[in-house]
Amino acid sequence: MCRDIAGAFIDRGHQVEVLTSRFQKEMIEQDDPNIHRELYLESDVHHYNPVDYFLQSQRNDERNFETLTRNIQDFQPDAVVVWGMWLLNPQLAALAEKLCPGRVAYYFCGYWPIEEDPHSQYWRAFVDNKRLPGWLSQRISRQALARQENRSKDQLEFRHVTCVSQAVLDILREGGIPLPNATVTYNGIDLDEFYAPLDQKGFHTPLRLMYAGSLGANKGVDTAVQAVALLSKKFSPGDVHLTLVGKGHPAFEDQLHQIIGDAGIEQFVTMTGWIDRVEMPQVLHQHDVLLFPSRWPEPLARMMMEGMAAGLTLVSTTTGGTAEFLEHRQNSLTFEAGDAVDLAHQIDCLLSEPGLARRLAKAGQELALEQFDENRMYDEIEEFAVQAAQQTSSVSP
């Protein structure tokens, strides 16, 4: 989404430079000249290593501060829009506020200002691992956590803030972040890319269920598989089939294979692995139902929007921003997060009630066409950034 918005800004005549992390830099065959993949992350994305952190964090901070300073001095931006800061020292944002006073804006598509970093998570859990005497583990943990004192988020001004959903704004405020003037800017998608007229789309036999995204416990993928295991006691593989699109940590993927094997539902479930984003519209159009079983409070998932625009019936939890658009049995079916029995019941309704899936798909698609247009998002984010840039005259350098 960040890439899409930056591209829209460029198309509208703005000059844009993107400073981001070095994550998977070696996999990029050809990059845009305005994208600078220079920042060092605090740890591996999937696995925190305390040794690497202690050996590299201070040096990485120094390099990141130098990189941000150089980029701002070279580009002289009218405004800096901060996106996500996960696995980055929040003092980078504080430095941006110092270098561009009053002209730093934040688009919160997640909860990084109140989320605990992997280093702190690891060392707080270290006290409970029972491998060392309590007094010793507490002493080691306190010393390790002291290294995070220079990573405080309390110093950030958050003068210009917009959030991707009301849920994100509410959760940040509940977490102690004062955001008196924050607004909500719902994200959007390319509707033309995903839209398929429902009158040209038939529902399949077996009913084709689909999950797409990261394979992880927080996403509730195991709930989806367990629900299919329950359905297998009533229906045959000729009635219903689930496709899991995406990848995750190998240990969790092994867990999913274990659930599938133990339940004997190999004929009911297919795991495709990762599929390129450009192929997703076609993949969506080959399915009937999008399962969105997330346990964590999703800020506002584009996958939900894409599925509805593509004419799929949405069966979803209502965690986070998702709840702001879904109405049970009006434009979707909803279920309790982590409740495989409830999810199985909702899918059973689609299989047993003639016309229900199509009616909900039609209402969901109408919602997507009305609310999820990316051009509306671009307009609102552009206005937000321009307003931040115009603060120059009212803030002392």
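Residues numbered from 1 in each chain as written. Predicted model: local features only at pLDDT ≥ 70, side-chain atom pairs only at ≥ 80, totals over all residues. Heavy atoms only, no water.

Trainee: An account of the overall build of the protein chain is needed here, citing residue identities and associated values.
Mentor: Broken down by element type, the protein chain carries 14 helices and 12 strands. In terms of C-alpha radius of gyration, the protein chain reaches 23 Å, essentially the compact-globule figure of 21 Å for 397 residues. In the protein chain, the proportion of contacts linking residues at least 24 apart, taken out of those at least 6 apart, comes to 74%. Total accessible area computed for the protein chain in this model is approximately 19700 Å², and 48% of it derives from carbon and sulfur atoms. Within the protein chain, one finds 34 positive and 56 negative side-chain charges whose respective centroids are separated by 5 Å. (Helix = DSSP H or I, 4+ residues; strand = E, 2+ residues; numbered from the N terminus. Rg over C-alpha atoms; globule rule 2.2 N^0.38 Å. Contact = heavy atoms within 4.5 Å. Areas by Shrake-Rupley, 256 points an atom, 1.4 Å probe, with all protein chains shown as cover. Lys, Arg positive; Asp, Glu negative; His and termini not counted. Charge placed at Lys NZ, Arg CZ, Asp CG, Glu CD.)

Trainee: Describe the layout of surface pockets, and please don't skip the residues or the numbers.
Mentor: Size it by volume and the second largest pocket reaches roughly 430 Å³. If you trace the second largest pocket, you find 24 residues lining it, with Glu 115, Glu 116, Asp 117, Arg 151 and Lys 153 closest to the centre. The greatest single-element share of the lining of the second largest pocket, amounting to three residues, is contributed by helix H4 (residues 118–126). (1 Å grid on protein atoms, 1.4 Å probe; cavity = no way out; pocket = protein on both sides within 12 Å on 5 of 7 lines; lining within 4 Å. Points joined across faces, edges and corners; volume = space filled by probe spheres on them.)

Trainee: Lay out H4 with the relevant residues and their values.
Mentor: For H4, the set of buried residues is Pro 118, His 119, Ser 120, Trp 123 and Phe 126. The distance from a side-chain oxygen at the start of H4 to the backbone nitrogen of His 119 is 3.1 Å, and the residue carrying that oxygen is Asp 117. (Buried < 20%, exposed > 50% of the residue type's maximum accessible area, 1.4 Å probe, protein only. Polar contact = N/O pair within 3.5 Å; in protein donor to acceptor, adjacent residues only side chain to side chain.)

Trainee: Quick rundown of the sheet that holds strand E4 (residues 104–108)? Include the residues and the values.
Mentor: The strand order E3-E4-E5-E6 describes an open sheet built from four strands, whose pairing is parallel. Where the open sheet ends on each side, the last strands, each with one partner, are strand E3 (80–82) and strand E6 (183–184). The sheet contact formed by strand E5 (residues 160–163) and E6 spans two bridges and is parallel. By the bridge assignment, Thr 162 is partnered in E6 with Thr 183. (Pairing = 2+ DSSP bridges.)

Trainee: Could you give an account of the confidence of the model for the protein chain, naming the residues involved and the relevant values?
Mentor: Per-residue confidence for the protein chain averages 92 on the pLDDT scale, and 95% of its residues sit at or above 70. The low-confidence segment residues 393–397, where pLDDT is below 50, has five contacts with residues more than four positions distant or belonging to other chains. (pLDDT = per-residue confidence, 0-100.)

Trainee: Describe helix H13 (residues 356–371), naming the residues involved and giving the relevant values.
Mentor: Each turn of an α-helix holds 3.6 residues, which means side chains three or four residues apart point in the same direction. Relative to the 22 Å expected for 16 residues at 1.5 Å per residue, H13 spans 22 Å between its end C-alpha atoms, a close match to the ideal helical length. Along H13, the residues that are buried comprise Leu 356, Ala 357, Leu 360, Ala 361, Gly 364, Gln 365, Leu 367 and Ala 368. Projected onto a plane normal to the axis of H13, the buried residues spread over an arc of 160 degrees and lie on a single side. On the buried face of H13, the contacting elements are helix H7 (191–194), helix H11 (302–309), strand E11 (313–316), strand E12 (333–334) and helix H12 (340–352). (Expected span 1.5 Å × (residues − 1). Arc of directions from axis to C-beta.)

Trainee: Pulling in residues and values, what's your account of the packing of aromatic side chains?
Mentor: The description of an aromatic ring pair rests on the distance of the ring centres and on the angle between the ring planes. In this structure the tally under the stated criterion is 15 aromatic pairs. Ring plane angle 75 degrees and centroid distance 5.0 Å describe the contact between Tyr 122 and Trp 123, whose orientation is recorded as edge-to-face. Given the relative accessible area of 8%, Trp 123 is considered buried. Feature note: the residues Tyr 48, Tyr 53, Phe 54, Tyr 122 and Trp 123 constitute an aromatic cluster, connected by ring pairs. One residue, Arg 63, lies across the ring of Tyr 40, its end atom 3.8 Å from the ring centre. (Phe/Tyr/Trp six-rings, centres within 6.5 Å; stacked < 30°, edge-to-face > 60°. Lys NZ or Arg CZ within 6 Å of the ring centre and 35° of its normal.)

Trainee: How would you summarise the sheet that holds strand E9 (residues 269–273) if you had to cite specific residues and measurements?
Mentor: Pairing within the open sheet is parallel, and its six strands lie in the order E9-E8-E7-E10-E11-E12. The open sheet has two edge strands, E9 and E12, and neither has a second partner. Where H11 meets the sheet, it contacts strand E7 (207–212), strand E10 (289–292) and E11, and its direction lies at approximately 165 degrees from that of E10. Those strands touched by H12 are E7, strand E8 (240–245), E10, E11 and E12, and its axis lies near 160 degrees from that of E11. (Axes fitted to C-alpha atoms, helices over the stretch in contact; angles between N-to-C directions.)

Trainee: So what's going on with the side chain of Asp 117? Which residues, and what values?
Mentor: Within the secondary structure, Asp 117 sits in the loop between E4 and H4. Since its relative accessible area comes to 18%, Asp 117 is described here as buried. A polar contact is formed between the side chain of Asp 117 and the backbone nitrogen of His 119, at a distance of 3.1 Å.

Trainee: Explain the nonpolar core to me, and be specific about the residues and the numbers.
Mentor: If you look at the biggest cluster of nonpolar residues, it comprises 70 residues, and the most contacted ones within it are Tyr 106, Phe 108, Phe 158, Leu 179, Met 280 and Phe 372. With near-sequence residues (within four places) excluded, Phe 108 lies in contact with Pro 113, Phe 158, Val 161, Thr 162, Cys 163, Val 164, Val 168, Leu 172 and Leu 179. Leu 242, Ile 260, Ala 344 and Ala 357 belong to the second largest nonpolar core, which has 36 residues in total. (Core = buried A, V, L, I, M, F, W, Y, C linked by side-chain atoms within 4.5 Å.)

Trainee: Talk me through the packing of helix H8 (residues 221–231) against H12; I want residue IDs and the actual numbers.
Mentor: Here H8 crosses H12 at 60 degrees, and the two axes come no closer than 8 Å. By the angle between their axes, H8 is oblique relative to H12. In this structure, H8 meets H12 at a crossing whose hand is right-handed. Contacts between H8 and H12 pair Thr 223, Ala 224, Gln 226, Ala 227, Leu 230 and Leu 231 from the former with Ala 340, Val 341, Leu 343, Ala 344, Ile 347 and Asp 348 from the latter. Considered class by class, the residues forming the contact of H8 with H12 number nine nonpolar, two polar and one charged. (Parallel < 35°, antiparallel > 145°, perpendicular 65-115°, else oblique. Left-handed = near helix turned anticlockwise from the far one by under 90°. Nonpolar A, V, L, I, M, F, W, Y, C, P; charged D, E, K, R; others polar.)

Trainee: Can you break down the pairing of E8 residue by residue, with the values?
Mentor: In terms of residue burial, E8 counts as a mostly covered element, since six of its six residues are buried. Burial along E8 is two-sided: Val 240, Leu 242 and Leu 244 and His 241, Thr 243 and Val 245, pointing in opposite directions, are all buried. Here E7 runs beside E8; their pairing, made up of six bridges, is parallel. When the bridges of E8 are listed, Leu 209 appears paired with Leu 242. Taken together, E7, H8 and E8 constitute a β-α-β crossover, and its handedness is right-handed. Taken together, the four bridges between E8 and E9 define a ladder with parallel strand orientation. Residue pairing across strands places Val 245 opposite Gly 273, the latter belonging to E9. Regarding topology, helix H9 (residues 250–263) serves as the crossover connection from E8 to the parallel E9, and that connection is right-handed. (Right-handed = clockwise from strand over helix to strand, strands pointing away.)

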